[in-house]
Amino acid sequence: MTSGVEMEIAVSATLCYVRCGNCNQAQRMRMMPPPWRMAMLGLHVADAAVLLAYLVGITALGAAMGRGTKKVADFFMPRRFGKAMMIMNAFGTGTASDQAVTVASATCRSGLSGIWYQWLWLFVTPFYWIIAPLFRRFRATTTADVYALRFDRSVAALFAVVGIASLSVKTGVLLKGTGALLEACTAPAIDSNTAILLTAFLFVAYGTAGGLAGAIVTDFVQGLLTLVFSFMLLPLVLGAVGGIGGVKETIDDPHMLSLVAPGKISLFFIVMMAIQALVGIVAQPFIMGICGAGKTEFEGRVGMFFGNILNRLCTIAWSVTAIAGVAWFLQRGTALGDIQPDNLYGDLAQTFLPGFLPGALGLFLAAMLASVMSSCDAYMLSAAALFTQNLYRPLRGGRDERHYLLVGRTAGVVVVVGGILFAYWVENVIKALEVWFMIAPMMGIAFWMGLLWRRLTPAGAWASTLT
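Residues numbered from 1 in each chain as written. Predicted model: local features only at pLDDT ≥ 70, side-chain atom pairs only at ≥ 80, totals over all residues. Heavy atoms only, no water.

### So, the packing of aromatic side chains
Moving on, step 1. Taken as a whole and assessed by the stated rule, the structure comprises 26 aromatic pairs.
Moving on, step 2. Ring geometry for F135 against F138: centres 5.8 Å apart, planes inclined by 75°, an arrangement best described as edge-to-face.
Moving on, step 3. F135 sits in the buried class, given a relative accessible area of 0%.
Moving on, step 4. Note on F138: relative accessible area 24%, which makes it partly exposed.
Moving on, step 5. Joined through ring pairs, the aromatic side chains of F135, F138, Y147, F151, F159, F447 and W448 make up one cluster.
Moving on, step 6. Cation over ring: K170 sits above W436, and NZ or CZ is 4.4 Å from the ring centre.
Moving on, step 7. A cation over an aromatic ring shows up here: R393 above the ring of Y404, its NZ or CZ 4.0 Å from the ring centre. (Phe/Tyr/Trp six-rings, centres within 6.5 Å; stacked < 30°, edge-to-face > 60°. Buried < 20%, exposed > 50% of the residue type's maximum accessible area, 1.4 Å probe, protein only. Lys NZ or Arg CZ within 6 Å of the ring centre and 35° of its normal.)

### Focus on empty space enclosed by the protein
Unoccupied space between atoms shows up once a probe the size of one water molecule is rolled over them.
Moving on, step 1. In the structure shown here, the tally under the stated rule is four cavities of 30 Å³ or more.
Moving on, step 2. Reported here for the largest cavity is a volume of approximately 210 Å³.
Moving on, step 3. As for the largest cavity, its lining consists of 19 residues, of which G94, W121, I281, F286 and N308 are closest to the centre.
Moving on, step 4. Among the elements of the structure, α6 (83-94), α16 (287-292) and α17 (297-331) are those that each provide at least two residues to the lining of the largest cavity.
Moving on, step 5. Of all the elements, α17 adds the most residues to the lining of the largest cavity, at four residues. (1 Å grid on protein atoms, 1.4 Å probe; cavity = no way out; pocket = protein on both sides within 12 Å on 5 of 7 lines; lining within 4 Å. Points joined across faces, edges and corners; volume = space filled by probe spheres on them. Helix = DSSP H or I, 4+ residues; strand = E, 2+ residues; numbered from the N terminus.)

### Looking at unusual backbone geometry
Moving on, step 1. Residues other than glycine seldom take positive phi values, yet R139 does so here, at roughly 55°.
Moving on, step 2. The topology assignment puts R139 in the loop between α9 (128-137) and α10 (143-150).

### Here we look at a nonpolar patch on the surface
Moving on, step 1. The grouping of F127, W129, I130, F231, F298, F306, I309, L313 and I316 at the surface amounts to a nonpolar patch, some 800 Å² of accessible area in total.
Moving on, step 2. Contributing elements (two or more residues each) for the nonpolar patch: α9 and α17.
Moving on, step 3. The element that contributes the greatest number of residues to the nonpolar patch is α17, accounting for five residues.
Moving on, step 4. Within the secondary structure layout, I309 lies in helix α17.
Moving on, step 5. For I309, a relative accessible area of 32% corresponds to the partly exposed category. (Patch = residues over 30% accessible without salt bridge, like charges linked within 9 Å, V, L, I, M, F, W, Y side chains within 5 Å. Areas by Shrake-Rupley, 256 points an atom, 1.4 Å probe, with all protein chains shown as cover. Salt bridge = Lys/Arg side-chain N within 4 Å of Asp/Glu carboxyl O.)

### Overview of the environment of A100
Moving on, step 1. Along the chain, the position of A100 falls in helix α7 (residues 97-110).
Moving on, step 2. A100 sits in the buried class, given a relative accessible area of 0%.
Moving on, step 3. Here the alpha-carbon distance between A100 and T321, two residues 221 residues apart in the chain, equals 9.6 Å.
Moving on, step 4. Excluding residues within four positions of it along the chain, A100 makes contact with F229, W318 and Y345. (Contact = heavy atoms within 4.5 Å.)

### Describing the confidence of the model for the protein chain
Moving on, step 1. Chain-level statistics for the protein chain give a pLDDT mean of 82 and a share of 85% at 70 or above.
Moving on, step 2. Per-residue pLDDT stays below 50 along residues 1-41; that stretch engages in 61 contacts with residues further than four places along the chain or on separate chains. (pLDDT = per-residue confidence, 0-100.)

### Details of the side chain of T178
Moving on, step 1. Mapped onto the elements, T178 comes out in helix α11 (residues 153-186).
Moving on, step 2. At a separation of 2.8 Å, a polar atom in the side chain of T178 contacts the main-chain carbonyl oxygen of L174.
Moving on, step 3. For T178, the contacting residues outside a window of four places in its chain are S97, T199, M368, L369 and V372. (Polar contact = N/O pair within 3.5 Å; in protein donor to acceptor, adjacent residues only side chain to side chain.)

### Brief notes about the pattern of salt bridges
Moving on, step 1. With the rule as written, the count across this model stands at three salt bridges.
Moving on, step 2. Between K83 and E299 there is a salt bridge, and its shortest N-O distance comes to 3.7 Å. Highlighted residues: K83 in helix α6 and E299 in helix α17, separated in sequence by 216 residues.
Moving on, step 3. One salt bridge in this structure joins R109 and D342, with 4.0 Å as the shortest N-O distance. Pair noted here: R109 is in helix α7 and D342 is in the loop between α17 and α18 (344-356), with a separation of 233 residues, a long-range link.
Moving on, step 4. Taking the relative accessible area as the measure of exposure, D342 reaches 16% and is therefore buried.

### Describing α10
Moving on, step 1. The complete set of buried residues in α10 reads T143, A144, V146 and Y147. Along the axis of α10, the buried positions cluster into a sector of 150°, meaning they face one direction only.
Moving on, step 2. Of the surrounding elements, those touching the buried residues of α10 are α9, α11, α16, α19 (360-392) and α22 (444-452). (Arc of directions from axis to C-beta.)

### Some thoughts on the packing of α11 against helix α20 (residues 401-425)
Moving on, step 1. In contact at an axis separation of 7 Å, α11 and α20 are set at 55° when each is read in the N-to-C sense. Compared by their axis directions, α11 and α20 come out oblique. The element α11 and its partner α20 pack so that their crossing is right-handed. Side by side, α11 and α20 meet where I164, S168, V169, G172, V173, L175 and K176 of the first sit next to V415, G418, G419, I420, F422 and A423 of the second.
Moving on, step 2. Across the contact of α11 with α20, the residue classes tally to eight nonpolar, four polar and one charged. (Axes fitted to C-alpha atoms, helices over the stretch in contact; angles between N-to-C directions. Parallel < 35°, antiparallel > 145°, perpendicular 65-115°, else oblique. Left-handed = near helix turned anticlockwise from the far one by under 90°. Nonpolar A, V, L, I, M, F, W, Y, C, P; charged D, E, K, R; others polar.)

In structure tokens form, the structure reads like this:
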């Protein structure tokens, strides 16, 4: 625990860094007392120990699940998990630290209405109770298999191409947010580009070894850590600003405290994004794994529904933490325009956690990595399954299972590389998410129309997607 004087010095240095960033590294380091200087150079010993224990443990667990995996079906779609595992799989796959960064960034720019960048699926959640058993009943390995059964192989191939692109971009979105958050928490030791590569290496290492079974088992642990990540900062930041009352007194713009704001996040925006979410959710390739890996339809239904309920609760925590963080900076004389939106969540973690408890920042970083790795491994495996089962196998059939496993693992790595390149190219997390929003629902119309209207043909499915 640091003294009050040390905390004030650290806060002053953080404010200086957030306001302008013009001070060089040596100047900022001299402003801090030795314990904080150690944290800036790397991590406190306790933080490093916690983080290292997580990284070694989760990689070993994921790799261990890969032992004995000899068939493609076992690698891409093991149907043997119960309710608890399925809940945490749905929660872990659908919840990542980039979402906290996105919500915090949008909240910094637009106020509480920024919550809709992740809450847009709120009104879709009841439909998950119906959708989940439907996907389990298809008995398919990939969603493209469903398009092949309903239409023909060409539509399945179209879905595979669109799905792989969507998952690569979505992986890039997660890596972009994680890079910004990790840089804010550890600067100047780790920059965002290095953080992106480090995170990608970690989930690729155990994801390619353990397959979907490894992803689901590790998601159980990582899901618990994601809950820690989501709520860890909330009481500290909220207490520092004087609670909700302090936030209201500090932020005098009523639009910043409204769930519907004039401009971009209007009522029209919310309604249209909710419709887009319902149309597009069935076209997300990873949904098949979330719903289909359970023992029965009921396990998939419970996992999908309650796992996403947990996500909605975490979104509230991110939004309230972010608006309290904005108030905290304003109380200390920082202008709203001088706060770096993408770094807001990480700046708060770096400011509050080291002085709260030794190892707290390490736990936060471990939980942050857990949240993104639990999503990225599922996306990687879904994309690999689409390429292997729906693009490669139809052209190169008759090979043994080991060959297809190698192809699947290689395809997963290539998709992640595409995500890394996208993360380097896109300017910020909000823009990255908006690009994904444009790709995500492209095949959703064909799915719903094909399900509800018998006369829809393969040509119609192509036309709706290309349009």
